[in-house]
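Per-entry structural report
Chain by chain, the residues run as shown.
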Amino acid sequence: MARIVMKFGGTSVADLDRIHNVARHVKREVDAGHEVAVVVSAMSGKTNELVGWVQGMPKATGADTPFYDAREYDAIVASGEQVTSGLLAIALQSMGINARSWQGWQIPIRTDSTHGAARIMEIEGAEIIRRMGEGQVAVVAGFQGLGPDNRIATLGRGGSDTSAVALAAALKADRCDIYTDVDGVYTTDPRIEPKARRLKKVAFEEMLEMASLGSKVLQVRSVELAMVFKVRTFVRSSFEDPDAPGMGDFDNPPGTLICDEEEVVEQEVVTGIAFAKDEAQISLRRVADRPGVSAAIFGPLAENHINVDMIVQNISEDGSRTDMTFTVPTGDLDKALAVLGKEKDKVGFDVIQSESGLVKVSVIGIGMRSHAGVAAQAFSALAGKGINIKAITTSEIKISILIDGAYGELAVRTLHSAYGLDKK
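Residues numbered from 1 in each chain as written. Predicted model: local features only at pLDDT ≥ 70, side-chain atom pairs only at ≥ 80, totals over all residues. Heavy atoms only, no water.

Quick notes on the overall build of the protein
Stated precisely, the cut-off is as follows: Helix and strand assignments come from DSSP, with helices taken as H or I runs of at least 4 residues and strands as E runs of at least 2, each series counted from the N terminus. All radius of gyration figures rest on C-alpha atoms, and the globule criterion is 2.2 Å times the number of residues raised to 0.38. Only protein chains enter the accessibility calculation, which uses a 1.4 Å probe; a residue is then buried when its area is under 20% of its type maximum, exposed when over 50%, and partly exposed in between. Pairs of residues are marked as contacts when any of their non-hydrogen atoms sit within 4.5 Å. To be clear on the numbers: accessible area is Shrake-Rupley with a 1.4 Å probe, and residue cover counts the displayed protein chains and nothing else. Neither His nor the chain ends is counted toward charge; the positive residues are Lys and Arg and the negative residues Asp and Glu. The location of each charge is read from NZ of Lys, CZ of Arg, CG of Asp or CD of Glu.
Secondary structure assignment for the protein yields 13 helices and 18 strands. Compactness check: the protein gives a C-alpha radius of gyration of 24 Å against a globular reference of 22 Å for 424 residues, within 12% of the reference. The principal-axis extent of the C-alpha atoms belonging to the protein is close to 75 × 60 × 35 Å. Considering the protein as a whole, with its 424 residues, one finds that 51% of them fall into the buried category. Long-range pairs, those at least 24 residues apart, make up 76% of the contacts in the protein with a sequence separation of at least 6. Taken as a whole, the protein presents about 19300 Å² of accessible surface, with 49% of it coming from carbon and sulfur. Side-chain charges in the protein split into 46 positive and 57 negative, and the spacing between the mean points of these groups amounts to 1 Å.

Structural notes on the sheet that holds strand S6 (residues 137-141)
Strand-to-strand pairing in sheets goes through backbone hydrogen bonds, with the strands running parallel or antiparallel. Rules: Strands qualify as paired when DSSP identifies two bridges or more between them. An axis is simply a line fitted to the C-alpha atoms; with a helix, the fit covers only the stretch in contact. Between two such axes, the angle follows the N-to-C directions and lies from 0 to 180 degrees.
Taking strand neighbours across the sheet as the criterion, the 8 strands line up as S3-S6-S2-S1-S9-S11-S12-S10 in an open arrangement whose pairing is mixed. One side of each edge strand has no neighbouring strand; the edge strands of this open sheet are strand S3 (99-102) and strand S10 (201-203). Direction aside, neighbouring strands of the sheet carry axes that sit 20° apart on average. Sheet analysis places S3 next to S6, joined by 4 bridges and oriented parallel. Paired with alanine 99 across the two strands is valine 137, which belongs to S6.

Topic: the nonpolar core
Our working definition: Among buried residues, those of type Ala, Val, Leu, Ile, Met, Phe, Trp, Tyr and Cys that are joined through side-chain atoms within 4.5 Å constitute a nonpolar core.
Of all hydrophobic cores here, the largest spans 43 residues; its most connected members are Val5 and Val185. Contact partners of valine 5, with chain neighbours within four places excluded, come to Ala37, Val39, Ala164, Leu167, Ala168, Leu171, Ala173, Arg175, Cys176 and Asp177.

Looking at the side chain of threonine 414
Looking at where threonine 414 falls in the secondary structure, it is placed in helix H13 (residues 408-418). For threonine 414, a relative accessible area of 10% puts it in the buried group. Those residues within four positions of threonine 414 in sequence are excluded, and the remaining contacts are Ala381, Leu382 and Lys385.

Some details on the packing of helix H2 (residues 46-60) against helix H3 (residues 70-77)
A packed helix pair is summarised by two numbers, namely the angle formed by the two axes and the spacing between the axes. Applicable threshold: For a crossing to be left-handed, the near helix must be turned anticlockwise from the far one by less than a right angle; the clockwise case is right-handed. Classes in brief: Ala, Val, Leu, Ile, Met, Phe, Trp, Tyr, Cys and Pro nonpolar; Asp, Glu, Lys and Arg charged; the others, Gly included, polar.
Interaxial distance between H2 and H3 falls to 9 Å at its minimum, and their mutual angle equals 145°. As for the relative orientation of H2 and H3, their crossing is right-handed in sense. Contacts between H2 and H3 involve Thr47, Leu50, Val51 and Val54 from the first element and Tyr73, Ile76 and Val77 from the second. Of the residues that constitute the contact of H2 with H3, the class distribution is 6 nonpolar, 1 polar and no charged.

Below, the structure written as structure tokens:
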């Protein structure tokens, strides 16, 4: 017998038939004798609808400002998961399974005070553990917790993944299964490269890079938590027949295991290729080369919640002037330019230039630590296709390359082939 946390995303619980299918997945694990807790998202499209209502209310009242209280935003948006958890509990009860729904505040899942993007601070899982020991399935509303002000606080979009991993850590679960609309983690997006392969195992560090660099399979924060608390996490498909051969295999079910590096016996040099669209590049020309300039540039951007990614600074020849180039999401470009425009005198740059519609392609693999020539192989492959590189950043296990958006898919396919990911 094992203790399992099962998480189901919005497409997996999109309607009553799919919720019934989810219940069949849960029943399979219960019938196998496991203790089970389930974390659910809102039904597909419901969160967007609720957010739209929140944003439309000030306008409907004729208010002069579109702003609203973030605490009320949380109260409204969290209701989507509440509905799903109750419906799944009913489905399980109808199938003869002892089940009970739980909201974040009932457990409680305690968060910080950042309404709309809260971080989990503590989970008090003793009561759920007691009930699981008695054979009851806990169906937990994801994406939410209880803030210090004793009000519902939501965890940000994709927060149900984080809820599931955090709950698995608190319950000391043997495994956390993330069920979604894909059957695992692939070497790259199969919609771009049909030869992409599903990976059996991926190290936490690799998955963290992949999630932060464009892979949409798991939320970044959930991978961080899984890595810190060593939560073995399976990415699985909820659309496979719950009773298909192998689905109940505890050790090797179909899907991808996210685990500690020590469990990945056969470490490939490169594990996968990730990409992120809609990147924009900003270049500050002839910036004063003196202490404090970088803080003067990136401090105001951070204060305005603009995420800066790739940063390249040229070496100053005479010690007086240099160029600074960095990337931001295209959606934040105008805001970033406005912020930097206000700081021009303080920073001391001559010209600001920008370019949007770029793509960041990343090569990821823990095997890169012990192999030379990985970067040179990427540059050579892209050069062979006539793809110009605008910026490069590296770490121990990844190389990120910024290129024109028109060449994004070609670059992904080229690098996927260059490292033999379509043949292994």
